[in-house]
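Listed below are the residues making up each chain.
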Amino acid sequence: MEDSDKQTPIRVALLGCGVVGSAVARLLTEQADEFAARIGAPIELVGIAVRRLGRDRSAASVDPELFTTDADELVTRADVVVEVIGGIEPARTLILRAFEHGAGVVTANKALLAESGPELYAAAESAGVDLYYEASVAGAIPLLRPLRESLAGDDVRKVLGIVNGTTNYVLDKMHTTGAGFGEAVEQAQALGYAEADPTADVEGFDAAAKAAILASLAFHSRVSGNDVYREGITEVTAADVQAAESMGCVVKLLAICERVEATPEHPTGISVRVHPAMIPTTHPLAGVREAFNAVFVEARSAGELMFYGRGAGGDPTASAVLGDVVAVARHRVLGGRGPGESAYADLPTLDMGDARTRYFISLDVADEPGVLAAVATEFARHHVSIETVRQQQLTGDEHDTEERAELVIVTHAAADSALGATVEALGALPQVREVSSVMRVEGE
Ligand SMILES: NC(=O)c1ccc[n+]([C@@H]2O[C@H](COP(=O)([O-])OP(=O)(O)OC[C@H]3O[C@@H](n4cnc5c(N)ncnc54)[C@H](O)[C@@H]3O)[C@@H](O)[C@H]2O)c1
Ligand SMILES: N[C@@H](CCO)C(=O)O
Ligand code: NA
C-alpha cells in the first residue's frame, strides 16, 4: 500500500455538472490513483451539486448517489470546493459559505471573479484557505499561475491576447469564407462553439471579465469588469475584414492590459481594454485560428512570453481546474497556502481616451483638388500623426456624377480620444462621402 492511501482523504465537493463539471468528475475518478500519489493523500469526491436530480449524467461517470440538490449542505463537508456553476449567484454565496467552513475553493468563474474578486480574496484570507481560478481565463492554458507565481519576481508591462474562443472562431470564419458576422455566428453555433445566446462572447463581456482578472494579477491592482473598456465584434463587417486583408492584416478581438506611465493629462495607471483590432499577419497572434486562445506577456526582465492552447471545452477546462485541485489539496496535506490577493500597487484604471492606440481609417472621398489637404488638416488639428496614406480610384455606379476615390490612412500612436475626435471631424468634411471603415491597429 502506498503511503498516500494511509492518509486521511481530501474531500472534494463539486458544484455544477455541466460541460466542465462532468469532465472534472470523470477525470477526477479516472485519475484517482495518480492524484493520490501526486498529492500524498487520496481524493474523495463527496458529492456533486446539481439543480435537478434525474437527468442523464452518464458523462460524469460517477456513482449516481453522489448527486444532490443541496449545495448549501454539501459545501460544509468538503476540504476543497470546486465551483463550476457559473454566474454570480448562487456561486458567490456558496463560495463564501465554503470558506466559512474552512474549505479551499477552485473556480472557473470569470464573471464572478471580475465582479467580486476582492470580496472572495478577503474571505479566503480570513478563513486561512486557498482561492484558485486558473480555468477562469484562457481555459487549459497555464496563465494565471505564471502571472501569480512564476513572474512574481519580474515587472509585467503588457498583456495582450485572444482570450475568447467563440469570437476568434467567428472572425476566423469571416476571413476564410468571406462570410458576414451573422452567418459566421450561425456556423459557430452549429458546431457548438457559440452558445444559443452568444451575447456574452460577441459583445466582449466574457473577454472583458478575463482582461480584468489578467490586469489585476499583472499589475498588482484591483481591476473589475466594469473598469474595462469594451467593444465586441458585432459591428465588424465583411468590408472591414477585406480592408484588413488588403493591409496584410487580420481582425482579432484582443484583450489588452498595459501599464501607462504618467503624462501631464493622467497619472501612471493601467489601460485595460477589449476591442477588435487589425494585427499584421506576421504577428504570432494572427496565426491563432479557430477557437484557440493565445496570450502575450511582456515583462521587464523576461522579455516577451507567449501562451497558446485551448481556452474552452470540457476536458481542457477540467485540466486547469484539476491542476488547481491538486495544488489546494497539497496545501491541505503539507500545510501552507497559495498566493492571496496582491493589490499593493493600487494603480488606477485610465480612461479609454488616454490609451495610446493606432487607427486604420478608410474614407470614401470626392476625387477633387484639395481633398488630401483637408483630410491632412484634420489630423494635424488633433495632433495625430499619419504613418501611411494610400489612395485608389473608386468606380462608382451609373448614377455617380462625381469622381470618387478611397483614402486609406494608418496613423501613428496617439491618444484614443484624439483619434476618435479626428474620425468624427473627417466624417463631417464635405469632401468625405463616407467613413467606410475604422479600426484600431495593434502589433508592430
Ligand atoms: N465551457 C467552457 O469551455 C468553459 C471554459 C472556461 C471556463 N468556464 C466556466 O466554467 C463554469 C461552468 O461552465 P460550463 O460550460 O460547464 O456551464 P454549463 O452551463 O454547462 O454548466 C453549469 C451547470 O451548473 C448547473 N447549475 C446551475 N445552478 C446550479 C445550482 N444552484 N446548483 C447546482 N448546479 C447548478 C447547471 O444546471 C449546469 O448544468 C462557468 O463559470 C464558465 O464561465 C467554462
Ligand atoms: N465562451 C468562452 C468559453 C471559455 O471561457 C469562449 O468562447 O472562450
Ligand atoms: Na488558464
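Let me sum up the structure you'll find in this document.

Rules of the game
Position labels on residues start from 1 in each chain and follow its written sequence. A letter from A marks each chain and a number from 1 marks each ligand, given out in the order of writing. Only residues with pLDDT of at least 70 get local features here, since the model is predicted, and only at 80 or more are side-chain atom pairs given and counted; chain-wide, interface and lining totals rely on the full set of residues. Side-chain numbers come from the whole structure's heavy atoms, not from hydrogens or water. With a 1 Å grid laid over protein atoms only, a set of points is called a cavity when a 1.4 Å probe fits there but cannot get out and a pocket when it is open yet has protein on both sides within 12 Å along at least five of seven lines; lining residues have an atom within 4 Å of a point. Grid points are joined across faces, edges and corners, and a volume is the space filled by probe spheres set on the points. In this classification, the charged set is Asp, Glu, Lys and Arg, the nonpolar set is Ala, Val, Leu, Ile, Met, Phe, Trp, Tyr, Cys and Pro, and all remaining amino acids, among them Gly, are polar. A run of DSSP states H or I qualifies as a helix once it reaches four residues; a run of E qualifies as a strand once it reaches two. Both are numbered from the N-terminal end. Here the term buried applies to any residue with accessible area under 20% of the maximum for its type, exposed to any over 50%, and partly exposed to those in between, with areas from a 1.4 Å probe on protein chains only. In what follows, residue pairs with any heavy atoms lying within 4.5 Å of each other are defined as contacts. One heavy atom suffices: a residue is near a molecule or strand as soon as one of its heavy atoms comes within 4 Å of it. The definition of a polar contact used here is a pair of N or O atoms within 3.5 Å, where within protein one atom must be able to donate a hydrogen and the other to accept one, and adjacent residues in sequence count solely through side-chain atom pairs. Accessible surface is estimated by sampling points in the Shrake-Rupley manner with a 1.4 Å probe; for residues, cover comes only from the protein chains shown. Think of the donor list as every N, O and S atom within 2.8 Å of the metal, or within 3.2 Å for Na, K and Ca; water never makes the list, so a site can look incomplete. For our purposes a nonpolar core is just a set of buried Ala, Val, Leu, Ile, Met, Phe, Trp, Tyr and Cys residues, chained together by side-chain atoms within 4.5 Å. Each pair of strands is called paired provided DSSP finds at least two bridges between the two strands.

As a further point, take empty space enclosed by the protein. Applying the stated criterion across every chain yields a total of 1 cavity of 30 Å³ or more. Reported here for the largest cavity is a volume of approximately 30 Å³. Looking at the largest cavity, the residues that line it are Y121, A124, V129, D130, L131, R337, G338, P339 and G340. A breakdown of the residues in the lining of the largest cavity according to their chemical character gives 5 nonpolar, 2 polar and 2 charged.

Time to look at the side chain of T411. Position of T411 relative to the elements: it lies in strand β15 (residues 404-411). Among the residues examined, T411 registers a relative accessible area of 0% and is labelled buried. If sequence neighbours within four positions are ignored, T411 has contacts with R358, Y359, I361, F379, V384, S385, I386, E387 and L419.

Around ligand 2, the structure places K110, N164, G165, T166, D201, D206, K210, G311 and A312. In this structure, an oxygen atom belonging to ligand 2 sits 2.7 Å away from a main-chain N or O atom of G165. With the chains in place, 84% of the 260 Å² that ligand 2 exposes on its own is no longer accessible. At the level of secondary structure, the elements contributing two or more residues to the shell around ligand 2 comprise α8 (165-177) and α11 (205-219). Of the residues that constitute the shell around ligand 2, the class distribution is 1 nonpolar, 4 polar and 4 charged.

Moving on: the coordination of the sodium ion (ligand 3). Protein coordination of the sodium ion (ligand 3) is provided by E134 (O), E134 (OE), V137 (O), G139 (O) and I141 (O), with donor distances spanning 2.4 to 2.7 Å. Binding-site remark: the sodium ion (ligand 3) is held by donors from one chain whose sequence spacing is E-x2-V-x1-G-x1-I. What makes V137 buried here is its relative accessible area of 0%.

Here we take up the nonpolar core. Counting 86 residues, the largest nonpolar core has V81, F99, L131, L143, V156, L214 and V297 as its most contacted members. Per element, the largest residue contribution to this core is 11 residues, and it comes from α11. In this view, L214 contacts V137, L143, L144, L147, V159, V163 and C257; residues no more than four positions away in its chain are not counted. In this structure, L14, V50, V106 and A329 belong to the second largest nonpolar core, which totals 37 residues.

Turning our attention to the pairing of strand β12 (residues 303-310). Two elements, strand β11 (residues 292-299) and β12, share 8 bridges in a ladder whose sense is antiparallel. Within the sheet, the bridge partner assigned to A294 lies in β12 and is Y308. The loop that links β11 with its antiparallel partner β12 comprises 3 residues.

The next thing to look at is the layout of surface pockets. One number sums up the size of the second largest pocket: a volume of about 440 Å³. Lining the second largest pocket are 20 residues, with K158, E258, E442, G443 and E444 sitting closest to its centre. Of all the secondary structure elements, the ones that give two or more residues to the lining of the second largest pocket are β7 (156-162), β9 (249-260), β11 and β13 (356-366). For the lining of the second largest pocket, a count of residues per class yields 7 nonpolar, 3 polar and 10 charged.

Structural measurements only, silent on function.
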